[in-house]
Amino acid sequence: MKLHRPAGTLSDSGDSIHLTPEDAGWTYTGLRVLNLRAGATRTLETGEFEAFVLPLAGSCTVRVDGMTFELSGRDSVFTRVTDFAYVPRDAHVELVAEGDVELALPMARCTNRLNPKYGPAEQVPVDIRGAGQATRQVANFGVPGCWDHADRLNACELITPDGNWSSYPPHKHDEASDCEVVNEEIYYFRIAGRDGITPSRDGFGMHRTYTADGTLDENVAVRDGDVFLVPHGYHGPCIAAPGYPMYYLNVLAGPAAARSMAFCDDPAHTWVRGSWDDEPLDPRCPVTNHKGRLG
């Protein structure tokens, strides 16, 4: 299985990304990223997948099951938290672009068909995790306990200020135990250019995934639009290079009867969490909220 999928190598469908579970080599988790020109309409059949419609740049209208949702988007993932919509399996979905729009569709193969639902930006909880150079922002738009209207699909957005570390301490969720559930996970990266807002392939960050026995040990440079697949093992940190803020969309799904994002830290590094008690938060976080950019 190829875990690092650089931008431009991911899709034969015309979409920026069209990653199915079969493409990834697993069972549940998928991702599409597509672009629509102003005034264009795109129709999709969800089949056996539920999905979120998440604007990355621009705004759109979503029509599904006789319902219409107007999604107020954003200029960039680095400027604000966005509206989104949940669309169920076995649905005919119509997407209409107001202006040019880029959309992410995190997906999960599921069994139960729920109703479509609108998610307003102002109801998305924005949390700050870590401290010091490990401070980062998390927008919990599709996380259990914050958004419970999904069968298997979990998703959240993270922004790591330039020079900071996130997904740290390293953690895993590849077995059913007292502290974790099994989830396949996709990391979808966007890297801002020198203005800190506009995605650009000029910048880069780093991502690490490994197993305790060393059979998996990957340290890769990630650039704007790249995907990294985590089938098992510890993952983290993600490091934003100085000068280049990092965003990533996490998409998770698995076989557990109830949605969960429970994980276990690598026991060699979990002590780091205690060190944050005496460290101040990076004042650049939160970077955004539903109203806009704060930094």
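Refer to the structure printed above.
Presented here is an overview of the structure given in this document. (Residues numbered from 1 in each chain as written. Predicted model: local features only at pLDDT ≥ 70, side-chain atom pairs only at ≥ 80, totals over all residues. Heavy atoms only, no water.)

Before going further, it helps to spend a moment on the sheet that holds strand β1 (residues 4–5). Ordered by their spatial adjacency, 7 strands build an open sheet running β1-β19-β16-β21-β13-β12-β11, and the pairing between neighbours is antiparallel. The sheet is open, and its two borders are formed by β1 and β11 (126–129), each paired with just one other strand. As paired strands, β11 and strand β12 (residues 136–142) are joined by 4 bridges and run antiparallel to one another. Note that in β12 the partner of Arg129 across the bridge is Arg136. (Pairing = 2+ DSSP bridges. Helix = DSSP H or I, 4+ residues; strand = E, 2+ residues; numbered from the N terminus.)

Now for the environment of Ala97. Looking at the element boundaries, Ala97 is found in strand β8 (residues 92–97). For the pair formed by Ala97 and Ala40, sequence separation is 57 residues and the distance between their alpha carbons is 5.5 Å. Ignoring anything within four residues of it in the chain, the contact list for Ala97 reads Leu36, Arg37, Ala38, Gly39, Ala40, Ser59 and Cys60. (Contact = heavy atoms within 4.5 Å.)

Turning next to the packing of aromatic side chains. The geometry of an aromatic ring pair is captured by the separation of the ring centres together with the interplanar angle, meaning the angle of the planes. Following the criterion strictly, the structure yields 13 aromatic pairs and no others. A centroid spacing of 6.3 Å and a plane angle of 75 degrees characterise the contact between Phe52 and Trp147, whose relative ring orientation is edge-to-face. Of the two residues, Phe52 is situated in strand β5 (residues 49–64) and Trp147 in the loop between β12 and β13 (154–160); the sequence distance between them amounts to 95 residues. Counting every residue linked through ring pairs, the aromatic cluster contains Phe52, Phe84, Tyr86, Phe141 and Trp147. Over the face of the ring belonging to Trp147 we find Lys117, whose NZ or CZ atom lies 5.1 Å from the ring centre. (Phe/Tyr/Trp six-rings, centres within 6.5 Å; stacked < 30°, edge-to-face > 60°. Lys NZ or Arg CZ within 6 Å of the ring centre and 35° of its normal.)

Moving on to the side chain of Ser166. Looking at the element boundaries, Ser166 is found in strand β14 (residues 165–166). Leaving out residues up to four positions away in the same chain, Ser166 has contacts with Arg136, Thr160, Pro237, Cys238 and Tyr248.

Turning to the nonpolar core, a few remarks are in order. Membership of the largest hydrophobic core comes to 53 residues, with the highest contact counts inside it found for Leu31 and Leu249. The leading source of residues in this core is strand β21 (residues 246–253), at 6 residues. When sequence neighbours within four positions are dropped, the list of residues in contact with Leu249 reads Leu31, Leu54, Ala104, Pro106, Phe141, Cys156, Glu157, Ile186, Tyr187 and Tyr188. In this structure, Val64, Leu95, Val101 and Leu103 belong to the second largest nonpolar core, which totals 21 residues. (Core = buried A, V, L, I, M, F, W, Y, C linked by side-chain atoms within 4.5 Å. Buried < 20%, exposed > 50% of the residue type's maximum accessible area, 1.4 Å probe, protein only.)

So, on to the pairing of strand β20 (residues 234–240). A regular strand places its side chains so that they alternate between the two faces of the sheet. For β20, the tally of buried residues reaches 6 of 7 residues, placing the bulk of the element in the interior. Examined bridge by bridge, strand β17 (residues 205–210) and β20 share 5 bridges and lie antiparallel to one another. Residue pairing in the sheet places Tyr210 in a bridge with Tyr234 of β20.

Our focus in this paragraph is the side chain of Asp266. With respect to the helices, strands and loops of the structure, Asp266 is situated in the loop between β22 (264–265) and α2 (272–275). Here Asp266 sits buried without a salt bridge, and the closest side chain of opposite charge, Arg208, lies 7.0 Å off (N-O distance). In this structure, Asp266 is in contact with Pro170, His171, Tyr210 and Tyr234, ignoring residues within four places of it in sequence. (Lys, Arg positive; Asp, Glu negative; His and termini not counted. Salt bridge = Lys/Arg side-chain N within 4 Å of Asp/Glu carboxyl O.)

All right, on to the state of the cysteines then. All chains considered together, the criterion is met by 1 disulfide. Paired by a disulfide, Cys179 and Cys264 hold their sulfur atoms 1.4 Å apart. Judged by the sign of its S-S torsion, about 80 degrees, the bond between Cys179 and Cys264 is right-handed. Taken together, the residues Cys179 in the loop between β15 (171–172) and β16 (184–191) and Cys264 in strand β22 connect sequence positions 85 residues apart. Judged by relative accessible area, Cys179 falls into the partly exposed class, the value being 34%. Cys146 carries a free sulfur, and the closest cysteine sulfur to it, the one in Cys156, is 9.6 Å from it. In this structure Cys285 is a free cysteine whose sulfur lies 14 Å from that of Cys156, the closest cysteine sulfur available. What makes Cys285 buried here is its relative accessible area of 9%. (Disulfide = S-S within 2.5 Å.)

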